[in-house]
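# Breakdown of the fold
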Amino acid sequence: MFVTQHRGVSDPSLIDRLWEHYERCYRHTAEQAPTREMFFRHEFDDLLRDATNRTWVVWEGNQPIGSTVIATDFAATRYLSRAYFETHYQQQTLDQRVHYILWVVIDQAWGAKGALARLARESLAVEAAEGALLVFDAPASNQKADTGGLAEIMSRMAAMVSRGTAVDLVTVQRYFAADFAQGVRYREQFDQGTEAVPA
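Here is a short report on the structure shown in this document. Just so we're clear, the structure is a prediction, and the values are computed from it rather than from any experiment.

In this section: the packing of helix H1 (residues 12–32) against helix H2 (residues 41–49). Any two packed helices are characterised by the angle at which their axes cross and by the distance between the axes. Two elements in contact, H1 and H2, have axes whose closest approach is 11 Å; the angle formed by their N-to-C orientations is 125°. Between H1 and H2, the crossing angle belongs to the class labelled oblique. The handedness of the crossing between H1 and H2 is right-handed. Taken together, the residues of H2 that come into contact with H1 (itself represented by Ile15, Asp16, Leu18, Trp19 and Tyr22) are Arg41, Phe44, Asp45, Leu48 and Arg49. Looking at the contact of H1 with H2, its residues break down into six nonpolar, no polar and four charged.

So, about the packing of aromatic side chains. Here the structure, examined in full by the defined rule, presents 13 aromatic pairs. With 5.5 Å between their ring centres and 65° between their planes, Phe74 and Phe85 make a pair best called edge-to-face. Here Phe85 lies in helix H3 (residues 82–88) and Phe74 lies in the loop between strand E3 (63–71) and H3, a separation of eleven residues in the sequence. Pair check on accessibility: Phe74 and Phe85 agree, each one buried. An aromatic cluster of at least three residues, connected via ring pairs, comprises Trp19, Tyr22, Tyr26, Phe39, Phe44, Tyr79, Tyr100 and Trp103.

On to the side chain of Ser67. As for its position among the elements, Ser67 is in strand E3. Given a relative accessible area of 5%, Ser67 falls into the buried group. At a separation of 3.4 Å, a polar atom in the side chain of Ser67 contacts the side chain of Trp103.

The backbone of Arg78 shows a phi angle near 70°, a positive value even though the residue is not glycine. Tracing the backbone shows Arg78 in the loop between E3 and H3. Classification of Arg78 as exposed rests on a relative accessible area of 66%. In this structure, Gln96 takes a positive phi of about 55° despite not being glycine. Summarising the element assignment, Gln96 is placed in the loop between helix H4 (90–94) and strand E4 (98–106).

Scoring rules and cut-offs
- All residue numbers refer to position in the chain's written sequence, counted from 1.
- Per-residue local features are limited, in this predicted model, to residues with pLDDT of at least 70; the limit for side-chain atom pairs, both in listing and counting, is 80 or more; totals at the level of whole chains, interfaces and linings are taken over all residues.
- Remark: hydrogens and water are excluded; side-chain values derive from all non-hydrogen atoms of the structure.
- To obtain each axis, a line is fitted to C-alpha atoms, and for helices this fit is confined to the stretch in contact; angles are then taken between N-to-C directions over 0 to 180 degrees.
- The numbering of helices and of strands both runs from the N terminus, where a helix is a DSSP run of H or I of at least 4 residues and a strand a run of E of at least 2.
- Oblique is the label for every angle not falling under 35 degrees (roughly parallel), over 145 degrees (roughly antiparallel), or within 65 to 115 degrees (roughly perpendicular).
- In a left-handed crossing the near helix is turned counterclockwise from the far helix by less than a right angle, and in a right-handed crossing that turn is clockwise.
- Only heavy atoms matter for contacts: two residues are in contact if any of them lie within 4.5 Å across the pair.
- Ten residues, namely Ala, Val, Leu, Ile, Met, Phe, Trp, Tyr, Cys and Pro, are considered nonpolar, four, namely Asp, Glu, Lys and Arg, are considered charged, and the remaining ones, Gly among them, are considered polar.
- Each Phe, Tyr or Trp ring, with Trp reduced to its six-membered ring, pairs with another whose centre is within 6.5 Å; inter-plane angles below 30 degrees give stacked pairs, above 60 give edge-to-face pairs, and intermediate values give tilted ones.
- The classification of residues rests on relative accessible area computed with a 1.4 Å probe and restricted to protein chains. Under 20% of the type maximum is buried, over 50% is exposed, and intermediate values are partly exposed.
- Identification of polar contacts relies on pairs of N or O atoms within 3.5 Å, with a donor-acceptor requirement for protein atoms, meaning one able to donate a hydrogen and the other able to accept it, and with residues adjacent in sequence counted only if both atoms are side-chain atoms.

See below:
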């Protein structure tokens, strides 16, 4: 098992292999989360080709068994608010040390065999050396409460390379759905001479 780092991936064969691995590993999360957690293929390709992103791959022989991509130019990702980080993390933003984990995927069979720890040691050591503010998100299916889950895993992984690193909750976003299929249709109410008014 070994780890490689890439920037500006241009080899189509490597991109294809990493996509197949990513798609396979992310399938379960995509089925469990109402938000779009998986990138489209063209987005995936663009992110790998972007030289400001760090791509880390764990290999077993010639097979990718884990990967992560960390954006070092978080403003280019469109997923984080620059205004928020300029207000709450001024110095890190000025120093361009706000980095964002775009994804982490590990083959389930290799997770217990040290692939995640190996990937974390290699990638987080670079983040720690730079004093980065490393931002990541987790859908409720992977993070059921403010503590535990992926936050706890990240806390343990961060401690491997930098004792005392805090993993703090930044925000929580909830999604709701108004299911109009469960109510009386507006047109039916209109036809019956009644108005649809809030309860």
